[in-house]
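One-letter residues, chain by chain:
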Amino acid sequence: MKLKMKKYVFPRLKDKRGGFLNFADYRNPAHKVGYGFIILLLLLFSFIALFPIVYLVASSLKADGEINSAVYSFWPRVWDWGRFGRIWNTIDLPRYYLNTFIYVIGAVVCAVVFNSLLAYAVAILKPFGYKVIDKVIFLGYMIPATLNILPLIREISDFGLLANSESILTFLPLWLSFGANAYYYMLFKDYFQRLPKSLIEAGSMDGAGHFQIFRRIVLPLSKPIMGIVAIFSMTAAYSDFLLPYLVLQNEKYKTLMVGIYNIGSAGDLLKPEEFLMLLVFSIIPQVIVFLIFQRQIMGAGVNKGSKE
């Protein structure tokens, strides 16, 4: 029995029914020109977004010394695919990946748990002075993150959190920094404010405590925003450099971004093509995460700005 493959039919402009303009609007010459301009603009933006990645991959696969050659060529004259294996064996990438994975997991847990608890208190419980707390957090969000590094490092040192450099607890201050993120808090607060109040009141009338309402009612209804915060904190922790560079004092627990910086600043440890291949290894996890969760990432702005 032969299986018939269903042929994919590309959508045609005349079949368009939804959106700001439908198929009838494109009969107007002005609309056709505008439509063509939008397509060209989108193609330009796509090129700007994809060109750096293509250039990085192509340059990393060039033969030794080809980057500094007097005769420039965008594509490699000889594709050195074996460099993937050589860099993997030369640099301790599994250790860097493992340390980064530990950092990312702890950051995601703290970002979701602590920010959601604070947002629940402000948006639903509304204790005395909750408006002041909300305004202070909003003001803190307006301060550039780099200006907070010095006082944050002082606080981490004063609390003795730098004394655990020989154990996995050296990641603790990094995890906690994601548990006090103003942007994640505002995402949770905005979402909690739009939850049906009748469900929360019903849980309270049934004798459920504040934490039970949070765990049994609020969290199950907040899976979309929890997923968005988890994805944002995952990508932010993976690409984070400055704070891990200052906090992680033991070489055994260096993350991938810190390791790349140390290797690059070491001088002639790697050739230019080999260092570019190391950068390719650094972007592979982020590309995979985006391809898997692109719908949630692209829909985050819609969820943030929508109102019921």
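Every chain is numbered independently, its residues counted from 1 as its sequence is written. Selection of residues for local features in this predicted model requires a pLDDT of at least 70, selection of side-chain atom pairs for listing and counting requires 80 or more, and totals for whole chains, interfaces and linings are taken over all residues. For the side-chain quantities, the full set of heavy atoms in the structure was used; hydrogens and water were omitted.

Caption draft 1: Quick look at the packing of aromatic side chains. What counts as a ring pair is set by centres within 6.5 Å for rings of Phe, Tyr and Trp (its six-membered ring), and what kind of pair is set by the plane angle: stacked under 30 degrees, edge-to-face over 60, tilted for all other angles. The final tally for this structure, using the stated rule, is 22 aromatic pairs. Pairing Trp79 with Trp81 gives two aromatic rings, centres 5.7 Å apart and planes at 10°, and the pair type is stacked. Three labels apply to residues, based on accessible area from a 1.4 Å probe with only protein chains included: buried if under 20% of the type maximum, exposed if over 50%, partly exposed otherwise in between. What makes Trp79 partly exposed here is its relative accessible area of 38%. Consider the rings of Phe84 and Phe281, whose centres lie 5.8 Å apart with planes at 75°: the pair is edge-to-face. Of the two residues, Phe84 is situated in helix α2 (residues 83–90) and Phe281 in helix α13 (residues 272–298); the sequence distance between them amounts to 197 residues. For helices the rule is a DSSP run of H or I covering at least 4 residues; for strands it is a run of E covering at least 2, with both sets numbered from the N terminus onward.

Caption draft 2: Expanded view of a positive patch on the surface. Patch definition: residues with relative accessible area over 30% and no salt bridge; like charges joined within 9 Å; nonpolar side chains (Val, Leu, Ile, Met, Phe, Trp, Tyr) joined within 5 Å. In this description, accessible areas are obtained by the Shrake-Rupley approach with a 1.4 Å probe, and a residue is regarded as covered only by the protein chains that are shown. Within this document, salt bridges are pairs made up of a side-chain nitrogen of Lys or Arg and a carboxyl oxygen of Asp or Glu, the two lying within 4 Å of each other. When charges are tallied, Lys and Arg are placed among the positive residues and Asp and Glu among the negative ones, while His and the ends of the chain are skipped. For charged residues, the charge sits on one atom: NZ in Lys, CZ in Arg, CG in Asp, CD in Glu. Taken together, Lys126, Lys131, Lys135 and Lys197 make up a surface patch of like positive charges. In this structure, Lys131 sits in helix α4 (residues 130–141). Given a relative accessible area of 56%, Lys131 falls into the exposed group.

Caption draft 3: Region of interest: the pattern of salt bridges. In this structure the tally under the stated criterion is 8 salt bridges. In this structure, a network of salt bridges that share partners links the residues Asp64, Asp80, Arg83, Arg86 and Lys271.

Caption draft 4: Focus on the environment of Asn250. Positionally, Asn250 belongs in the loop between α11 (242–247) and α12 (256–265). Accessibility expressed as a relative area gives 14% for Asn250, which makes it buried. Separated by 80 residues in the primary sequence, Asn250 and Thr170 place their C-alpha atoms 8.6 Å from one another. What makes two residues a contact is simply this: any of their non-hydrogen atoms within 4.5 Å. Apart from residues lying up to four places away in sequence, Asn250 is in contact with Ser165 and Glu166.

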